[in-house]
Amino acid sequence: MNFESSVTLAPGAIRPGFGVRQRVLVLTHSHPKITRGGAEIAAGSLVRALRASGEVEAFLLGCSSKPETERLGLSLTQPFAEQDFVYQAPSSFDHFKFANRDAKFPKILLDLLDEIKPDIVHFHHYTVFGVEAFAIIKRNRPEAKIVLTLHEFLAICLNHGQMVKTKSLQLCDAESPMACSRCFPELGPRDFFLRKAYIRTFLDYVDLFISPSQFLADRYIEWGLPRDKLIVLENVPPELEARPAPTERSQAQVRVRPVPSVKWSAGRRRPIRIGLFGQLSPLKGIKVLLDAAKELAANKIENVRIEIFGDYSSQPLEFQKAVIDALGEVSANVRFHGPYDNSKVHRLMRAVDAVLVPSIWWENSPVVIQEALTNRRPVICSDIGGMAEAVRPGLDGLWFSVGDSMSLAEVLMEVSRSPEILTSLEATLRRPRPVEAVARAHMEAYRAIGAPK
Amino acid sequence: MGFIAYVPEIHHPGESIYAEIEMRDGRIGFRPLQPAFFSGLPAIKELLGRFTLRSDELKEGFDNVFGPAVETMNAFRLLSRPDEDVLNFGAPIRSPRATIVVPLYGRVDFLEYQLAFFSQSLASDHEIIYVLDDPERRLEVDALAAACLAKFERPFTVIALAHNVGYAPANNVGLKHARGDHICFLNSDVFPGDPDWLELLIATEKSDESVGIVGALLNYEDGTLQHRGCAFERLPEFADWVFAIHPDKGRRVTLPESHGAALAVTGACMVMTRELALQLGGFDEGYVIGDFEDADLCLRAGELGLSCLVDYRAQLYHLERQSQGQSQPWRMNLTLYNAWRFQQRWRDHEF
């Protein structure tokens with residue numbers, strides 16, 4: 001660890017013109033420079049935005065299980081930057097109840113906290129660190145407040161936190177030891193009872209829960225989190241399109257330029273482009289989309305084109321094959337563009353007329369909806385959960401019945417008949433809060449639980 | 001098909017043994033017998049896995065054949081005591097008020113759950129002793145225990161046994177090492193519901209000199225009752241033998257916010273003074289693996305004029321295993337052996 005940095009980062013340091021700066025350590029289960037999942041991207045964006053405010057000393061602790069970040073005999077390294085740490089996680093982690101079995105971890109964490117002396121320890125996810133980390137921090141550094149941003153229904157549902165039944169992919173409304181054991185027959189109801197008790201025991205130490213959507217918050221309150229410790233606050237949106245940074249302006253201040261609307265004049269033959277962005281996994285509803293496309297083709301609808309930007313290479317082979325077969329059948333009105341670099345997402349979105357989110361699980365607070373609205377594109381989405389909350393029908397976009405390809409086909413046929421439905425939405429689209437405002441809301445939340453003003 | 005016979009004292013070193021079988025019509029046959037190649041629990045399991053008795057055969061079968069045979073094999077197995085490795089995780093607690101003794105077998109991960117919950121609510125002057133009765137899990141438990149100490153910062157002791165001995169002997173090893181004024185025998189699949197459970201049990205034990213053993217209110221994970229004290233009942237399907245039963249098990253019942261008398265309490269969670277436990281000599285190790293020894297202990301306390309109580313306020317969860325394992329014939333016959341032994345011991349007791 002850098003000795004010099006621990007000197008320059010003395011606790012309560014008064015910076016000219018700033019008063020006492022908040023000291024925030026953001027922890028995430030992976031590291032945004034190692035993997036590109038939602039939680040680590042959100043954590044990285046938060047750190048960047050906090051730093052850009054000029055009022056926060058922000059540190060990042062991510063995890064890695066990749067051999068390329070291993071250093072012999074070390075568990076904590078700084079491969080990327082001075083205020084940026086990586087915990088090399090051993091494979092002994094118990095993913096069932098998020099229990100860390102690394103006997104060295106508590107000391108690693110406490111030594112780092114001693115060095116950084118944060119006012120706020122903000123977790124994006126608790127897996128890999130283990131839920132016990134909350135108790136370890138509270139017992140040893142009671143002055144540090146613990147914030148946890150919830151991602152998916154991870155504590156509630158063993159099926160990757162999706163609250164979808166394992167075999168049937170049916171939506172699940174509530175956990176129970178018996179219901180969970182039906183999804184995982186090799187585990188009994190008592191295992192799920194203990195899992196919940198274990199996780200709940202340690203979530204008790206969290207001072208503030210942040211949920212990116214009301215829907216997610218309600219599910220967690222129903223599960224047992226205290227209402228008075230939970231706020232709804234969106235994640236800091238991901239880094240905007242990479243472009244040469246003009247002089248001193250930070251990434252967080254870069255804005256997307258206003259996008260001119262697209263008008264369909266009578267007789268114009270340009271197809272209506274409907275874009276799907278993201279991982280092509282079964283729960284993202286790709287099958288619903290392809291079936292709807294087939295229905296459009298059967299109805300000789302030729303002015304709607306589905307543009308798919310995404311990757312299915314990390315999906316189970318069987319599913320990949322099903323996707324490839326389905327793509328082959330509907331090739332006329334579906335274009336598959338393959339994986340894209342996330343820094344290009346804004347440019348790609350501005351080239352479509354609407355963004356489609358056909359997920360067959362609840363979704364949390366999909367980043368893709370935030371991105372679509374930022375680019376002034378209406379969203380066509382399933383009518384449930386985090387999607388329905390983020391998209392007001394008739395104002396931000398259109399809904400169809402979740403999992404129902406006929407319902408989606410009907411919406412698309414309606415759009416085909418009257419493309420102006422999409423352009424007319426532009427006047428009412430919600431404007432996502434800019435990065436600075438979301439960062440400021442986080443800083444206010446930190447103050448509300450005791451961080452320096 | 002075949003024969004099972006109990007023939008005591010046939011061991012003549014250097015001589016081979018054979019069975020001489022005389023039929024009713026006078027024919028006689030000889031059959032050489034192999035010397036025993038199993039001993040201890042494997043031999044007991046092997047024997048108990050080989051027969052099924054009707055209710056009307058139980059008494060004769062166990063009185064003449066299986067009872068004395070298992071009793072002898074069990075006594076022989078207990079002659080060799082396992083080495084005990086005492087592993088202190090964290091500094092031992094100075095003059096503990098109570099010692100919790102937990103035998104650990106199979107699901108060793110329950111240790112992590114229990115310690116997590118204890119680290120939240122259990123007073124720091126109680127001692128926790130795990131008796132690992134599953135030598136093959138030693139490495140796994142060492143690593144898990146080290147991680148638990150690091151993250152929960154709650155000292156505890158693991159006593160690792162060099163070979164598997166079963167429920168009563170494992171608890172008795174824990175008792176031997178215990179230093180608390182009170183002892184709490186606890187199963188590894190029992191988890192606190194009320195955070196004050198142990199304080200309540202100790203206070204109730206102290207409340208009246210005529211109280212010997214205090215049990216807890218145990219629930220299943222769905223909130224239905226598992227234990228509110230034991231009763232005794234003769235079961236006609238098992239030769240009218242007396243069994244300890246759990247009234248209202250699996251039901252939803254409302255109990256007073258106090259305590260109630262019981263004829264016996266389950267060993268899954270019971271509290272008494274260490275002095276009493278030692279005076280009783282711990283659990284009777286003649287019961288094999290784990291059945292009836294808790295009821296037996298309560299009845300022996302009763303012989304000293306001490307009664308059992310259940311504190312309904314001390315609520316815990318008992319996540320008793322599902323019954324798949326019970327359907328194996330040896331397991332059923334083992335229960336019947338322990339039941340037989342209980343009938344012998346309490347032949348003259350009025351139930």
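Residues numbered from 1 in each chain as written. Chains lettered and ligands numbered in written order. Predicted model: local features only at pLDDT ≥ 70, side-chain atom pairs only at ≥ 80, totals over all residues.

1. Quick look at the overall build of chain A
At step 1: Across its full length, chain A carries 15 helices and 16 strands.
At step 2: Relative to its full complement of 453 residues, chain A shows a buried share of 45%.
At step 3: Counting contacts in chain A only where the partners sit at least 6 residues apart, residues at least 24 apart contribute 70% of the total. (Helix = DSSP H or I, 4+ residues; strand = E, 2+ residues; numbered from the N terminus. Buried ≥ 20, exposed ≤ 12 C-beta atoms within 10 Å, placed from the backbone. Contact = placed C-beta atoms within 7 Å.)

2. Quick notes on helix H4 (residues 132–140) of chain A
At step 1: Listed in full, the buried residues belonging to H4(A) are A:Glu132, A:Ala133, A:Phe134, A:Ala135, A:Ile136 and A:Ile137.
At step 2: Next to the buried residues of H4(A) lie helix H3 (105–116), strand S7 (120–124), strand S8 (145–149) and helix H6 (189–203) of chain A together with helix H4 (138–152) of chain B.

3. Focus on the sheet that holds strand S14 (residues 354–357) of chain A
Residues and elements named next belong to chain A.
At step 1: Taken together, the six strands give an open sheet; going across it, the order is S13-S12-S11-S14-S15-S16, and neighbouring strands pair in parallel fashion. The open sheet has two edge strands, strand S13 (334–338) and strand S16 (397–400), and neither has a second partner. Within this sheet the neighbouring strands show an average axis-to-axis angle of 25 degrees, counted without direction.
At step 2: Both strand S11 (residues 272–279) and strand S12 (residues 304–311) contribute to a ladder of eight bridges, which runs parallel. Along S12, the bridge assignment pairs Ile274 with Ile306.
At step 3: Lying on the sheet, helix H11 (residues 367–374) is in contact with S11, S14 and strand S15 (379–382); it crosses S14 at an angle near 170 degrees. (Pairing = 2+ DSSP bridges. Axes fitted to C-alpha atoms, helices over the stretch in contact; angles between N-to-C directions.)

4. Details of the packing of helix H2 (residues 55–79) of chain B against helix H9 (residues 329–345) of chain B
Residue and element names in this part refer to chain B.
At step 1: Interaxial distance between H2 and H9 falls to 10 Å at its minimum, and their mutual angle equals 95 degrees. Accordingly, the angle class assigned to the pair H2 and H9 is roughly perpendicular. The segment H2 lies against H9, with Leu58, Phe62, Phe66, Gly67 and Val70 engaging Leu336, Tyr337 and Trp340.
At step 2: Its residues placed into classes, the contact of H2 with H9 shows seven nonpolar, one polar and no charged. (Parallel < 35°, antiparallel > 145°, perpendicular 65-115°, else oblique. Nonpolar A, V, L, I, M, F, W, Y, C, P; charged D, E, K, R; others polar.)

5. Thoughts on the domain arrangement of chain A
All names here are of chain A.
At step 1: For chain A, the assigned domains read domain 1 (3–254 + 434–448) and domain 2 (272–425).
At step 2: Taken over C-alpha atoms, the centre of domain 1 sits 30 Å from the centre of domain 2.
At step 3: The interface of domain 1 with domain 2 comprises 21 residues on the first partner and 17 residues on the second.
At step 4: For the side of domain 1 that touches domain 2, the element with the highest residue contribution is helix H7 (residues 214–223), accounting for three residues.
At step 5: Class assignment for the residues of the side of domain 1 that touches domain 2 results in eleven nonpolar, six polar and four charged. (Domains from an automatic or database assignment.)

6. Focus: the interface of chain B and chain A
At step 1: Contacts between chain B and chain A engage 17 residues on the former and 18 residues on the latter.
At step 2: Contributing elements (two or more residues each) for the side of chain B that touches chain A: helix H3 (110–121) and H4 of chain B.
At step 3: In terms of residues, the side of chain B that touches chain A owes the most to one element, H4(B), which gives six residues.
At step 4: Looking at the side of chain B that touches chain A residue by residue, the classes come out as ten nonpolar, two polar and five charged.

7. Regarding the sheet that holds strand S4 (residues 56–64) of chain A
Residues and elements named next belong to chain A.
At step 1: Within the open sheet, the eight strands sit side by side as S5-S6-S4-S3-S7-S8-S9-S10. Their pairing is mixed. The two strands at the open ends of the sheet, each matched to only one other strand, are strand S5 (76–81) and strand S10 (230–232). Between one strand and the next, the sheet's axes are offset by a mean angle of 25 degrees, whatever the strand orientation.
At step 2: Sheet strands touched by helix H15 (residues 435–448): strand S3 (22–28), S4, S7, strand S9 (208–211) and S10. Its angle to S3, the strand with the most contacts, is close to 110 degrees.

8. Details of the packing of H6(A) against H3(B)
At step 1: Interaxial distance between H6(A) and H3(B) falls to 10 Å at its minimum, and their mutual angle equals 35 degrees. For the element pair H6(A) and H3(B), the recorded crossing hand is left-handed. Of the residues in H3(B), those in contact with A:Leu194, A:Tyr198 and A:Thr201 of H6(A) are B:Tyr113, B:Ala116, B:Phe117 and B:Gln120.
At step 2: Class assignment for the residues of the contact of H6(A) with H3(B) results in five nonpolar, two polar and no charged. (Left-handed = near helix turned anticlockwise from the far one by under 90°.)

9. Here's the deal with the pairing of S12(A)
Residue and element names in this part refer to chain A.
At step 1: One crossover worth recording links S11 to the parallel S12 by way of helix H8 (residues 286–298), and it is right-handed.
At step 2: Here S12 runs beside S13; their pairing, made up of four bridges, is parallel. Paired with Phe309 across the bridge in S13 is Gly338. (Right-handed = clockwise from strand over helix to strand, strands pointing away.)

10. Section: unusual backbone geometry
Residues and elements named next belong to chain A.
At step 1: Located in the positive-phi region is Phe98, a residue other than glycine, with phi close to 60 degrees.
At step 2: Examined against the element boundaries, Phe98 turns out to sit in the loop between strand S6 (84–88) and H3.
At step 3: Look at Phe98 and you get buried, because 23 C-beta atoms sit within 10 Å.
At step 4: Phi is positive for Lys300, which is not a glycine, with a value near 55 degrees.
At step 5: Of note, Lys300 is situated in the loop between H8 and S12.
At step 6: A count of 6 C-beta atoms within 10 Å places Lys300 in the exposed class.

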